[in-house]
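Each chain, letter by letter, is given below.
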Number of protein chains: 6
Amino acid sequence: MSSQKTALVVSAHSADFVWRAGGAIASHVKQGWKVKVICLSYGERGESAKLWRQPNMTLEKVKYVREQEARAAAEILGADIEFWDIGDYPMRISDEILFKLVDVYRELQPKFVLSHSERDPYNFDHPLAMHAAQEARIIAQAEGHNPGQKIVGAPPVYSFEPHQTEQCGWEPNTFLDITDVWDTKLRAIQCMAGQEHLWEYYTRVALQRGVQAKRNIGITAKRNIQYGEGYMKLTPAVVEQL
Amino acid sequence: MSSQKTALVVSAHSADFVWRAGGAIASHVKQGWKVKVICLSYGERGESAKLWRQPNMTLEKVKYVREQEARAAAEILGADIEFWDIGDYPMRISDEILFKLVDVYRELQPKFVLSHSERDPYNFDHPLAMHAAQEARIIAQAEGHNPGQKIVGAPPVYSFEPHQTEQCGWEPNTFLDITDVWDTKLRAIQCMAGQEHLWEYYTRVALQRGVQAKRNIGITAKRNIQYGEGYMKLTPAVVEQL
Amino acid sequence: MSSQKTALVVSAHSADFVWRAGGAIASHVKQGWKVKVICLSYGERGESAKLWRQPNMTLEKVKYVREQEARAAAEILGADIEFWDIGDYPMRISDEILFKLVDVYRELQPKFVLSHSERDPYNFDHPLAMHAAQEARIIAQAEGHNPGQKIVGAPPVYSFEPHQTEQCGWEPNTFLDITDVWDTKLRAIQCMAGQEHLWEYYTRVALQRGVQAKRNIGITAKRNIQYGEGYMKLTPAVVEQL
Amino acid sequence: MSSQKTALVVSAHSADFVWRAGGAIASHVKQGWKVKVICLSYGERGESAKLWRQPNMTLEKVKYVREQEARAAAEILGADIEFWDIGDYPMRISDEILFKLVDVYRELQPKFVLSHSERDPYNFDHPLAMHAAQEARIIAQAEGHNPGQKIVGAPPVYSFEPHQTEQCGWEPNTFLDITDVWDTKLRAIQCMAGQEHLWEYYTRVALQRGVQAKRNIGITAKRNIQYGEGYMKLTPAVVEQL
Amino acid sequence: MSSQKTALVVSAHSADFVWRAGGAIASHVKQGWKVKVICLSYGERGESAKLWRQPNMTLEKVKYVREQEARAAAEILGADIEFWDIGDYPMRISDEILFKLVDVYRELQPKFVLSHSERDPYNFDHPLAMHAAQEARIIAQAEGHNPGQKIVGAPPVYSFEPHQTEQCGWEPNTFLDITDVWDTKLRAIQCMAGQEHLWEYYTRVALQRGVQAKRNIGITAKRNIQYGEGYMKLTPAVVEQL
Amino acid sequence: MSSQKTALVVSAHSADFVWRAGGAIASHVKQGWKVKVICLSYGERGESAKLWRQPNMTLEKVKYVREQEARAAAEILGADIEFWDIGDYPMRISDEILFKLVDVYRELQPKFVLSHSERDPYNFDHPLAMHAAQEARIIAQAEGHNPGQKIVGAPPVYSFEPHQTEQCGWEPNTFLDITDVWDTKLRAIQCMAGQEHLWEYYTRVALQRGVQAKRNIGITAKRNIQYGEGYMKLTPAVVEQL
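Residues numbered from 1 in each chain as written. Chains lettered and ligands numbered in written order. Predicted model: local features only at pLDDT ≥ 70, side-chain atom pairs only at ≥ 80, totals over all residues. Heavy atoms only, no water.

This part takes up the side chain of Arg66(F). Residues and elements named next belong to chain F. Relative to the elements of secondary structure, Arg66 occurs in helix α3 (residues 59-77). Despite being buried, Arg66 has no salt bridge partner; Glu47 is the closest side chain of opposite charge, sitting 4.6 Å away. A distance of 3.1 Å separates a polar atom in the side chain of Arg66 from the backbone oxygen of Glu47. (Helix = DSSP H or I, 4+ residues; strand = E, 2+ residues; numbered from the N terminus. Buried < 20%, exposed > 50% of the residue type's maximum accessible area, 1.4 Å probe, protein only. Lys, Arg positive; Asp, Glu negative; His and termini not counted. Salt bridge = Lys/Arg side-chain N within 4 Å of Asp/Glu carboxyl O. Polar contact = N/O pair within 3.5 Å; in protein donor to acceptor, adjacent residues only side chain to side chain.)

The following block contains the structure:
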């Protein structure tokens, strides 16, 4: 097995990984990691409003455009990407899909996992994706699931930032400095042609999280942080130094 | 200023730092850190039951014994220790004491701070000590408090483990591996002659936290953890890698 | 489209809308609104104890009686009512039923939605009905669901009062004055022949909520409130004046 | 109907009832109760790591060994036991299984019910088992479910102790003194040959809960408690004396 | 020391113990207990609106009337009562008062303690009274406080019912059947001439809690409960049978 | 008494009301309201870092500059302003100050009150100011406080937005559209010469809250909202229409 470190991103819709975790992906790729993104759906029904306002639009066309955009963004970020096309609004996750996700864990052996918040009153697909990400992780740890395969350890699980954080009970206990890769993330964001209104929104999010990260290392710190991403780490850390 | 890293422990009573943070102290001292312990009181009224059952006991004698024990423990752990003797059951913290604690922050410039849980229905001195630890930290960050002094940054704040964790709303999001220094912690614990019943209790706590730490790195991990301490980190981390 | 304002009530069992939202229905109808009630089930298995104690009772007879009572109550309140007969104890909601509820949203375009509390340890059908009410609302907002239909905006969602409020985590952040329509609500309540023991119970609820409403406008206020209904608004308000 | 008091234990995997409720079972059996344990699965995939590390292991062999161990433990504790073999990691509960559990409630008429915590981020089978235990209890109370059968009253529901209590939001509001039956519980624990690492872990749990129980009756109490089990009672008590 | 069991009620204002705990007091007195009520204030500023609307009213007159009413109520209930007159709106509790409350604990050696909810956004005196009740209890357990006195054990602490329960985070986990003593409680309530509007309010509260208590023992139970009081038990139970 | 509607803003430090409630103030003033701002302190020690970095700075000079800035901002917003100079970092509120705030309530008879979040781990002055705002409101409702004065009713209480919302448990349940007065708020913000780094930060906050407000009325709504302020309403609404 390669010594390259790996990470897994489980994205309910095909653009989520860009807005919410694009900085983390670009940053870890830059540090030599392999990052794999699973897009469970294209967000074709619920998150493609602009496309649907075009004449003669069909579900297939929406999916096609959304896939092109997401592929372009993933390429810019340096991530591997898969599209599972399981449908959205509402998303439903069969055991077959769940086991397929277990297979990804087993093969990738990720050092950490990123997915949505555990609660989101504005979007029921998001918590479901996170639920599957966690359930698959637990099954991937079970010796009796596909015995003989290498089981996974206990990769930390992080929730990336939802749209309306406070309503989701999402509290960022981890700020990632993405200043170095902000240009990359911005270019990836700009692949999302159907959701231009969100470009500025998530640029402002990155700036706010940057200011907050700076504040949380103290104004006396030398490190200059301009852009950040917030994460809610759900699993305990095990450390040798506090 | 020395380049030695420093940490601050705010202990309501003179034995708390031993049971609850002895491993962290010994471990960081072993790694070259300077650790300072402030014992706000001796626990002379509320946590010295055994001493009080001896004949002819007085408050002064209790304090004397408790100080000797705590000094011995601190020495074993390698910590600097101060006794502020502000009284217990009930503890009251004046602004004078608060500012004295601010001075400690300013002088020590700690990289992290350890104190009690923010809630403890069994012990009102504990949350009060934590409250003071946090309030002093905030004041120590204020440019207008004793202008000219070097302000502090944003040292992370951790709650160490209370006696009945679940009743205190204390959830360990950080496990510290103390296997290497367990012998040291145990010797420090054994200085607490008045509270022998707690020796075994906190040995078991360390073993349980060790098992849990092991579980949280995954059973496939090579690292062997036998003894642990649990901490609840209250402040966000700022990181460059997840 | 008519300019008449509309509201939607999603009721797990056929009597819930009467006890819990009868005042809101009567009041808005009186103010010229159209209010539509969806009874997902008759509560035929779990909330018809008295009927089952009669000799020779069958499921069909229970449903028949429950429907007659609910129709009579709806007529008194002035509401449109539909019975979907999906079964209770346990209730299960298929995607087909979910989409049928989406259709109701799309057609009715409600200004607000009322349903159960999000948690109820005494009754699992209730939170499920609310979950469906919210999920259907989200799907009804999605441009890609039945493209071409008029999507819905963001109608506020309210939980009406469960039987044991505190156990359900239900907190009334909105009190509706139903003094003017109390007589109507009481007559509707009295249609529920199988549950006489609840008539007095919910009369007392209305009086208590009336007293509390009065207290929350201040005892100096001139408005005389005798009867009230409590609601937990789950969605943020958007206002031009605080 | 016999006047013997009865209790029901719903265990997700075949060893859970031993670690988590063995003391309660042994104690009530000793006091003349009949206690019935339903093992929904054997924990054959997710909780049998040691067995899977043996050569030529198969799912059937794992199940066989797990059943033998659990039967031996149940016999020592004095409990009736049933194995429903519905699978684990992930567990799924069909309505058929749910109704079978309702039948158990109706027939057993338990005075209380024990199952898992309502949340467990490390184990999704556990909360699911508790959910079924509660949903079945509600259906068993419904007059319209299998009319003519004797419905159940409102047996209190308790969560027994999960592995990492704080992460599960589990707070012990009830301590059961199991000092008298500790030997029995320990012998039952020792039937679990595949999980020896947990013998000591749960012995320490029992000692800690014993110390805490002692503390919660006050150090002046005469009762000597050495071993305890913690429970989280989810349902209100109805009493004639506080 | 007498073998009579005792209980302590800490009431912020002179009428609170009647509305909120009158049933518990009467019931335990009837069962042979001694119950002591400490009224920290008369509620003379904040809970005597009707008196203040009379002409020529003074603070002393208000206090006098309130004391007469409370004494009459206590006599009907069979409780001992003390008035400490420490002022209300805002209430402030000095260490002197706190230690006086400790003395009461030490002398009375209560088997349980009743006071207010820990949170009440409508009334800041109430949580303060509960805080003092708990802090005094902890100090009364400390061997080093007035050494030589008999320390107290760990009497359970209950919050009685606040006016708007849901806003106070108060959840009744214990229902006390007060049917037998309801007449007594009602007569005590009727001593509160200044607050007639609350007579009916708290009669309805007792009826609702009675219905809920009945529901929580199950509709199959033979016990007939008409009137109840709800309590939130804050401290764990230690039991020999679940 | 004038029929002009009034509102009260309790600001811990002299700039808080600008960043956090400037839009609400300007908007209500524009709608004909009188808005009064109480600045409890100047934020002279804890929120004037930039001033303290100037040579020869003194506490008096800092206060002077901060007052000039706040006065200028208040004038732009159209608010009345008072400076109470009670000190910051740490703030302490005496009963004398509390009663002075009660007098303000009594005289102003505000229709609503704005202050800080009830929790803020980064700033202990903020929750204290809100606590005083609420305690003074309760006392102002008490007939027995300064009898003869007109008591206040039950003005709603809102928490304005803290710096790191999620860490403060602050959830915006009310969005105020401030698009019409954004220019005014921005000019007021620009009076805060010592905190230029916050100008952009709070401009971005206003834009984000504008987007969220728009989303919460639904994308089909005609109303164009560009800038918003978020509030957490702590008190229940009493309404005649949902």
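This brings us to the packing of helix α3 (residues 59-77) of chain B against helix α6 (residues 182-189) of chain B. Residues and elements named next belong to chain B. Here α3 crosses α6 at 170 degrees, and the two axes come no closer than 8 Å. As far as their axial angle goes, α6 and α3 are roughly antiparallel. Where α3 abuts α6, its residues Ala73, Ile76 and Leu77 lie against Thr184, Lys185, Arg187 and Ala188. Looking at the contact of α3 with α6 residue by residue, the classes come out as four nonpolar, one polar and two charged. (Axes fitted to C-alpha atoms, helices over the stretch in contact; angles between N-to-C directions. Parallel < 35°, antiparallel > 145°, perpendicular 65-115°, else oblique. Contact = heavy atoms within 4.5 Å. Nonpolar A, V, L, I, M, F, W, Y, C, P; charged D, E, K, R; others polar.)

Moving on to a positive patch on the surface. Taken together, the side chains of Lys5(A), Lys111(A), Lys150(A) and Lys222(B) present a region of like positive charge at the surface. The class of Lys5(A) is partly exposed, set by a relative accessible area of 39%. (Patch = residues over 30% accessible without salt bridge, like charges linked within 9 Å, V, L, I, M, F, W, Y side chains within 5 Å. Areas by Shrake-Rupley, 256 points an atom, 1.4 Å probe, with all protein chains shown as cover. Charge placed at Lys NZ, Arg CZ, Asp CG, Glu CD.)

Here we take up the sheet that holds strand β2 (residues 34-39) of chain A. The sheet built from eight strands is open, its strands ordered β3(A)-β2(A)-β1(A)-β4(A)-β5(A)-β7(A)-β6(A)-β8(B) with mixed pairing. Pairing within the sheet leaves two strands with one partner each, and these edge strands are β3 (80-83) of chain A together with β8 (237-239) of chain B. If you compare each strand with its neighbour and ignore which way they point, the axes differ by 25 degrees on average. The sheet contact formed by strand β1 (residues 6-11) of chain A and strand β4 (residues 112-115) of chain A spans three bridges and is parallel. Across the sheet, the residue bridging to Ala7(A) is Phe112(A), located in β4(A). (Pairing = 2+ DSSP bridges.)

Take the sheet that holds strand β5 (residues 157-159) of chain C next. Spatial strand order, β3(C)-β2(C)-β1(C)-β4(C)-β5(C)-β7(C)-β6(C)-β8(F): eight strands in an open sheet with mixed pairing. The open sheet has two free edges, formed respectively by β3 (80-83) of chain C together with β8 (237-239) of chain F, since each of these has just one partner strand. Taking each pair of neighbouring strands and ignoring which way they run, the sheet shows an average axis angle of 25 degrees. Inspection of the sheet shows strand β6 (residues 174-177) of chain C paired to β8(F) by three bridges, in the parallel sense. Counted as the bridge partner of Leu176(C) is Val239(F) from β8(F). Together, β1 (6-11), β4 (112-115) and β5 of chain C form the strand contacts of helix α5 (residues 125-140) of chain C, whose direction differs from that of β5(C) by roughly 175 degrees.

Turning to the interface of chain A and chain B, a few remarks are in order. Each side of the interface is counted separately: chain A has 37 residues, and chain B has 37 residues. Across the chain A/chain B interface, buried area totals approximately 2,900 Å², and carbon plus sulfur atoms make up 60% of it. As a salt-bridge pair, Arg223(B) and Glu240(A) come within 3.2 Å of each other at their nearest N and O atoms. At the junction of chain A with chain B, the criterion picks out 16 residue pairs in polar contact (both at pLDDT 80 or more). If you list the elements that add at least two residues to the side of chain A that touches chain B, you get α1 (16-30), β4, β6 (174-177), α7 (197-217) and β8 (237-239) of chain A. Split into classes, the residues belonging to the side of chain A that touches chain B amount to 21 nonpolar, 10 polar and six charged. (Buried area = accessible area lost by both parts, 1.4 Å probe.)

Residues and elements named next belong to chain F. Taking every second residue as pointing to the same face, both faces of strand β4 (residues 112-115) are buried, with Phe112 and Leu114 on one and Val113 and Ser115 on the other. For β4 and strand β5 (residues 157-159), the ladder comprises three bridges, and the chain directions are parallel. Opposite Leu114, over in β5, you have Tyr158 as the bridge partner. Between the parallel pair β4 and β5, the chain is carried across by helix α5 (residues 125-140), and the sense of this crossover is right-handed. (Right-handed = clockwise from strand over helix to strand, strands pointing away.)

Residues and elements named next belong to chain C. Judged by how many residues are buried, strand β2 (residues 34-39) sits mostly within the fold: five of six residues are covered. Here β1 runs beside β2; their pairing, made up of six bridges, is parallel. The partner of Val9 across the bridge, within β2, is Val37. Once you follow β1 into helix α1 (residues 16-30) and on to β2, the crossover reads as right-handed.

On to the confidence of the model for chain A. With 99% of its residues at a pLDDT of at least 70, chain A reaches an overall mean of 96. Note on the complex model: pTM 0.97, ipTM 0.96. (pLDDT = per-residue confidence, 0-100.)

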